[in-house]
Amino acid sequence: MTGPARLTVLAGPTAVGKGTVSADIRQRYPSVWFSLSATTRPARPGEVDGVHYMFVSPERFDAMVADGEMLEWALVHGQHRYGTPRGPVDAQLARGVPVLLEIELQGARQVREKMPDARLVFLAPPSWDELVSRLVGRGTEDAAERERRLATARVEMAAEREFDHVVVNDDVRRATDEIVALMGVPVGPADGQAHAG
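Scope of this entry: the structure provided in the associated data block. (Residues numbered from 1 in each chain as written. Predicted model: local features only at pLDDT ≥ 70, side-chain atom pairs only at ≥ 80, totals over all residues. Heavy atoms only, no water.)

### Side note on the sheet that holds strand E8 (residues 119–124)
We apply this condition: We treat two strands as partners when DSSP finds at least two bridges between them. In DSSP terms, a helix is any run of H or I states spanning at least four residues, a strand is any run of E spanning at least two, and both are numbered starting from the N terminus. Two residues qualify as a contact provided that any one of their heavy atoms is within 4.5 Å of a heavy atom in the partner residue. Every axis corresponds to a line fitted to the C-alpha atoms, with the helix fit spanning only the stretch in contact, and the corresponding angles, defined between N-to-C directions, vary from 0 to 180 degrees.
The five strands are arranged E2-E7-E1-E8-E9 in an open sheet whose pairing can be described as parallel. What marks the edges here is a single partner per strand, and that holds for strand E2 (33–34) and strand E9 (165–168). Two elements, strand E1 (residues 8–11) and E8, share four bridges in a ladder whose sense is parallel. Its bridge partner being in E8, Thr8 is matched across the sheet by Arg119. Together, E1, E8 and E9 form the strand contacts of helix H7 (residues 172–182), whose direction differs from that of E9 by roughly 160°.

What follows is the structure, given as structure tokens:
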């Protein structure tokens, strides 16, 4: 065992592709451990409790915050709260397992305060126009929600300077490999399975 690992935080503006990049890391680099976030928002079609998120009531979320169980938490888009339970993260890091948190900007700032040695990685779009195109193309939000998310994204883009590294998501596989290399995980087919497509 190599001793405690260093926590890596992946954040970036809405619709930049954090979920897509994270899914690619999960598929190709199974040695990387992902924290499961708790959220008060309802599950989207196809999402499974305990797999995609821990879906909890606002009351349960309040209790977790009050009891100091959250490494970070945030109110996102002015509507729902998301947070990272701390216990499982600490346990994996203590075992020397590389841990990746995929979270929002507010949460990344809280992690930096609580764990100053965490590595913060900003996932950036190739351009602002590309980010808008991705958000509209998703078709998962109505016009009002899209405007709310774009307003949030402008603030998030301005925070890029606060991060240790910036990775441009112009190609998912390339971005994945760059993030994993920053984590010190060997890049290539030895760690992950063959990638279809």
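Moving on from the coordinates now.
### Here we look at the sheet that holds strand E6 (residues 80–85)
Strands sit in the order E4-E3-E6-E5 across an open sheet of four strands; the sheet is mixed. Across the chains shown, the open sheet's two edge strands, defined by having one partner strand only, are strand E4 (54–55) and strand E5 (70–76). The sheet contact formed by strand E3 (residues 38–39) and E6 spans two bridges and is antiparallel. Across the sheet, Thr39 pairs through a bridge with Tyr82, a residue of E6. Across the sheet, helix H2 (residues 58–66) lies against E3, E4, E5 and E6, angled at about 45° from E6, the strand it touches most.

### Details of the pattern of salt bridges
Defined as follows: One speaks of a salt bridge when a side-chain nitrogen belonging to Lys or Arg is within 4 Å of a carboxyl oxygen belonging to Asp or Glu. Exposed residues in this analysis have more than 50% of their type's maximum accessible area, buried residues have under 20%, and partly exposed residues fall in between, with area computed by a 1.4 Å probe over protein chains only.
Under the counting rule described, the total for this entry stands at 13 salt bridges. The partner of Asp177 in a salt bridge is Arg28, with the nearest N and O atoms 2.6 Å apart. With Asp177 in helix H7 and Arg28 in helix H1 (residues 18–28), this pair connects stretches of sequence that are 149 residues apart. A salt bridge links Arg148 to Glu145; the shortest N-O distance between them is 2.4 Å. Taken together, the positions of Arg148 and Glu145, both in helix H6 (residues 143–158) and three residues apart, correspond to about one turn of that helix. The exposure class of Arg148 is partly exposed, given its relative accessible area of 34%. For Glu145, a relative accessible area of 10% translates into the label buried. One network of salt bridges, in which partners are shared, links Asp24, Arg28 and Asp177.

### With respect to the environment of Gly188
One can find Gly188 in the segment after H7. Classification of Gly188 by relative accessible area gives partly exposed; the value is 22%. Taking the C-alpha atoms as reference points, Gly188 and Arg28, separated by 160 residues in sequence, lie 8.6 Å from one another.

### Details of the packing of aromatic side chains
Spelled out, the test is: Each aromatic pair joins two rings of Phe, Tyr and Trp (for Trp, the six-membered one) with centres within 6.5 Å, and gets the label stacked for planes under 30 degrees apart, edge-to-face for over 60, and tilted for any other angle.
Counting across every chain of the model gives four aromatic pairs. With a centroid separation of 5.7 Å and 65° between ring planes, the pair formed by Tyr53 and Tyr82 is classed as edge-to-face. Highlighted residues: Tyr53 in the loop between E3 and E4 and Tyr82 in strand E6, separated in sequence by 29 residues. For the pair formed by Tyr53 and Tyr82, the shared burial category is buried.

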